[in-house]
Amino acid sequence: MLVLLDQPIAEDYPVAFTLAPDATGILPDRMIAAMADAGLILPEYPFVESQIQPASLDLRLGNVAYRVRASFLPGPDIRVADRIEELKLHEIDLSDGAVLETNCVYIVPLLESLALPPNIQAAANPKSSTGRLDVFTRVIADGTRRFDMIAPGYHGPLYAEISPKTFPVLLREGSRLSQIRFRTGHPLLDGDELEALHDAERLVDSDEADLAGGVALSVDLSGEGSDGFVGYRAKRHTGVVDVDRRAGYTVGEFWEPIRARPDRSLILDPGEFYILASKEAVQVPPDFAAEMVPFDPLVGEFRVHYAGFFDPGFGYAGAGGQGSRAVLEVRSREVPFILEHGQIVGRLVYEKMLSRPDALYGQRIASNYQGQGLKLSKHFRT
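Please read all numbers here as calculations on a predicted model, not as lab measurements. (Residues numbered from 1 in each chain as written. Predicted model: local features only at pLDDT ≥ 70, side-chain atom pairs only at ≥ 80, totals over all residues. Heavy atoms only, no water.)

Those residues of helix α1 (residues 29–37) not exposed but buried are D29, M31, I32 and M35. Seen from one end, α1 has its buried residues packed into an arc of 165°, which puts them on one side. Of the residues trailing α1, G39 is marked for its positive phi of about 85°. (Buried < 20%, exposed > 50% of the residue type's maximum accessible area, 1.4 Å probe, protein only. Helix = DSSP H or I, 4+ residues; strand = E, 2+ residues; numbered from the N terminus. Arc of directions from axis to C-beta.)

This next bit is on the sheet that holds strand β16 (residues 215–218). Strands sit in the order β16-β28-β23-β25 across an open sheet of four strands; the sheet is antiparallel. For this open sheet the edge positions go to β16 and β25 (309–310), each flanked by a neighbour on one side alone. Pairing analysis gives four bridges linking β16 to strand β28 (residues 344–352), with the strands arranged antiparallel. Counted as the bridge partner of L217 is G346 from β28. (Pairing = 2+ DSSP bridges.)

On to the sheet that holds strand β10 (residues 135–141). The strand order β5-β4-β7-β13-β10 describes an open sheet built from five strands, whose pairing is antiparallel. The sheet is open, and its two borders are formed by β5 (88–93) and β10, each paired with just one other strand. Direction aside, neighbouring strands of the sheet carry axes that sit 25° apart on average. Two elements, strand β7 (residues 105–109) and strand β13 (residues 158–164), share four bridges in a ladder whose sense is antiparallel. Its bridge partner lying in β13, P109 is registered against Y159. Running at roughly 110° to β5, helix α2 (residues 80–87) makes contact with β4 (64–68), β5, β7, β10 and β13 of the sheet. (Axes fitted to C-alpha atoms, helices over the stretch in contact; angles between N-to-C directions. Contact = heavy atoms within 4.5 Å.)

Turning our eyes to something else, we now look at the side chain of S222. Structurally, S222 can be placed in the loop between β16 and β17 (229–234). Judged by relative accessible area, S222 falls into the buried class, the value being 15%. In contact with S222, not counting residues within four places along its chain, are V230, A260, R264 and H341.

Spelled out as structure tokens, the structure:
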């Protein structure tokens, strides 16, 4: 267990939080709130409305950003704050908002810290809107060797590494770019369990679903049902995007629409950023959560989907969806790469919830992408 000195310990708090010894699953919204009541999550300020999602917690930026020379992982027994002191170029006050420039690396302390018990671990991911802006964001913690992974028993602060790739972005204290999930046990469905769930719930609208290693998702380059368009390519040298401004920008100032080609293919140019959509409509039943697995180099020289969490109820008919397309944030690597219609670009893995959330995705909370097709982030007027 990693325990850092001078950090609050959960036992100092009067509200008990316990789990059964054999508990297995992703913790739902009400249990995330209970963790905060018990001192396992330590926000600098009280949570704000909609910060607790069905199966995750949005993380808020603190009031200062540090421009650093390079991305880093602290490694065992090393504090992130000490590495910042070694690598920082300058500090930026976020109290009243500030612009972070493209292709620079920033570290921002978060308003939430953790005091996890030994049976709960955490994993972070960019929020959907963050990924669709091509803002590369990862969470780091003291003593860690991996991005976005927080070990059981961790006591200490959290930090966001932020690197805008396409658009300069305006951030401020309290902006939410990342989200964190808490799990106990090993809730990942194995092959037989995933197949049984698909038989019961039809996770994708495909008669020949590929379930090997997760539910396969392929890219839609047909242009059918979207007036002949298959996606968007981000423009260069644009204005600033305020990450907290909803529907504040016209699409044409930031994006070039891409029409379907007769051969239903698309050549990805190196270094360019694309928004595409899956061919399949997917759904996540209420007692499960899903995640897009990390980039697989075996499917091609490109990266798909920065923001990988899919909440319980995503695309689910009982929560206002009838299957939702997965929006794909795509960036080619060092060489041009041809995508073909129907080519597999990622897989969704499913995990059990510890219990059903009080509010599903699309119900009683701000769910921007329920029932989505090809859709840009909430910042753009469509």
